[in-house]
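# Residue-level structure breakdown
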Amino acid sequence: QPTVGVLALQGDVREHVAALERLGCATVRVRRPDELAVCDALVLPGGESTTMARLARSFGLLEPLREAVAGGLPTLGTCAGMILLAERVVDGAEGQETLGGIDMTVRRNAFGRQVASFEGAVTMAGLDEPVHGVFIRAPWVEEVGPGVEVLARVDHGEAAGRIVAVREGHLMATSFHPEVGGDSRVHQLLVDLVRPRSRAE
Ligand code: GLN
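Right, let's get into the overall build of the chain. Helices and strands together make up the secondary structure of the chain, namely 7 helices and 12 strands. Taking 17 Å as the expected radius of gyration for a compact globule of 201 residues, we find that the chain reaches 15 Å, a close match to that expectation. Along the longest, intermediate and shortest principal axes, the C-alpha atoms of the chain span 45 × 40 × 30 Å. Residue burial in the chain is summarised as follows: out of 201 residues, 51% are buried. Pairs at least 24 residues apart make up 62% of the contacts formed inside the chain by residues separated by at least 6 positions.

This is the structure:
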């Protein structure tokens, strides 16, 4: 199994580490460039995207992360992590920085106040059974470029039709938190993106 890093500046790091360990992956909590360098894949957790970007800058990690993501490191971003992977953010904080990588526009805190947090079954491309999606002040994807594969949309309620999971090449992102509740199938999709060559190194 590959070594998977979890960006550990802020956010729900522990839950992702647990989801990856259930798959038998070695895990690294990434706070420094040398920790990033040993990873075959990376998870950007949920939390606060502005705080994470700010901490990444002060830890000297922002540019190494941008280079890793642009350079082909398989990466899964969840919730705040989705925002970090977006090329464009609507309703972001002033001067909000991202890593970019996925040709998409995300709307931060998109789900309205009443449904700021909700849970529900999400049907996701590549998985036979729906995922239990936990949405917490989650973004949605407003718009994607032609190279982006839509993996999931909300299928009921006011937000029906909104895109909540995408993949572009080696990069994957979900609006929801797939790491809670003992299900590691979305993390398995990330592991599947790791090429055998990088595993053997
Ligand atoms: N609202 C948060 C942000 O904008 C994301 C929430 C989450 O990750 N649960 O960064």
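A separate point is the nonpolar core. Counting residues in hydrophobic clusters, the biggest one holds 34 residues, and the most contacted among them are Phe 111, Met 124, Val 164 and Phe 176. Those elements that provide at least two residues to this core are strand 1 (3–7), helix 1 (13–22), strand 3 (41–44), strand 8 (131–136), strand 10 (149–153), strand 11 (163–168) and helix 6 (185–192). Looking at this core element by element, the count peaks at 4 residues for helix 6. Discounting residues that sit within four places of it in the chain, Val 164 has contacts with Met 82, Phe 111, Val 122, Phe 135, Ala 152, Arg 153, Val 154, Ala 173, Thr 174, Ser 175 and Phe 176. If you look at the next biggest cluster of nonpolar residues, it comprises 33 residues, including Leu 61, Ala 80, Leu 99 and Leu 171.

What follows concerns the site of the ligand. Around the ligand, a shell composed of Gly 46, Gly 47, Glu 48, Ser 49, Cys 79, Ala 80, Ile 83, Arg 108, Asn 109, Ile 136, Arg 137 and His 177 is seen. Contact between the ligand and Asn 109: a nitrogen atom at 2.6 Å from a side-chain N or O atom of the residue. Bound to the protein, the ligand loses 95% of the 300 Å² it would expose on its own.

Enumeration according to the criterion identifies 12 salt bridges in this entry. We note a salt bridge from Arg 107 to Asp 91, for which the minimum N-O separation is 3.0 Å. Pair noted here: Arg 107 is in strand 6 (residues 102–107) and Asp 91 is in the loop between strand 5 (86–90) and strand 6, with a separation of 16 residues, a long-range link. One salt bridge in this structure joins Glu 149 and Arg 167, with 3.2 Å as the shortest N-O distance. A residue pair is termed long-range when its members are at least 10 positions apart, and Glu 149 in strand 10 and Arg 167 in strand 11 qualify at 18 residues. Overlapping salt bridges, with partners in common, bring together Arg 57, Glu 63, Arg 66 and Glu 97 in one network.

Inspection of every chain in the model, using the stated rule, returns 5 aromatic pairs. Grouped by ring-pair contacts, the aromatic residues Phe 111, Phe 118, Phe 135, Trp 140 and Phe 176 constitute a single cluster.

What counts, and at which threshold
- Residues numbered from 1 in each chain as written.
- Predicted model: local features only at pLDDT ≥ 70, side-chain atom pairs only at ≥ 80, totals over all residues.
- Heavy atoms only, no water.
- Helix = DSSP H or I, 4+ residues; strand = E, 2+ residues; numbered from the N terminus.
- Rg over C-alpha atoms; globule rule 2.2 N^0.38 Å.
- Buried < 20%, exposed > 50% of the residue type's maximum accessible area, 1.4 Å probe, protein only.
- Contact = heavy atoms within 4.5 Å.
- Core = buried A, V, L, I, M, F, W, Y, C linked by side-chain atoms within 4.5 Å.
- Near = heavy atom within 4 Å.
- Polar contact = N/O pair within 3.5 Å; in protein donor to acceptor, adjacent residues only side chain to side chain.
- Areas by Shrake-Rupley, 256 points an atom, 1.4 Å probe, with all protein chains shown as cover.
- Salt bridge = Lys/Arg side-chain N within 4 Å of Asp/Glu carboxyl O.
- Phe/Tyr/Trp six-rings, centres within 6.5 Å; stacked < 30°, edge-to-face > 60°.

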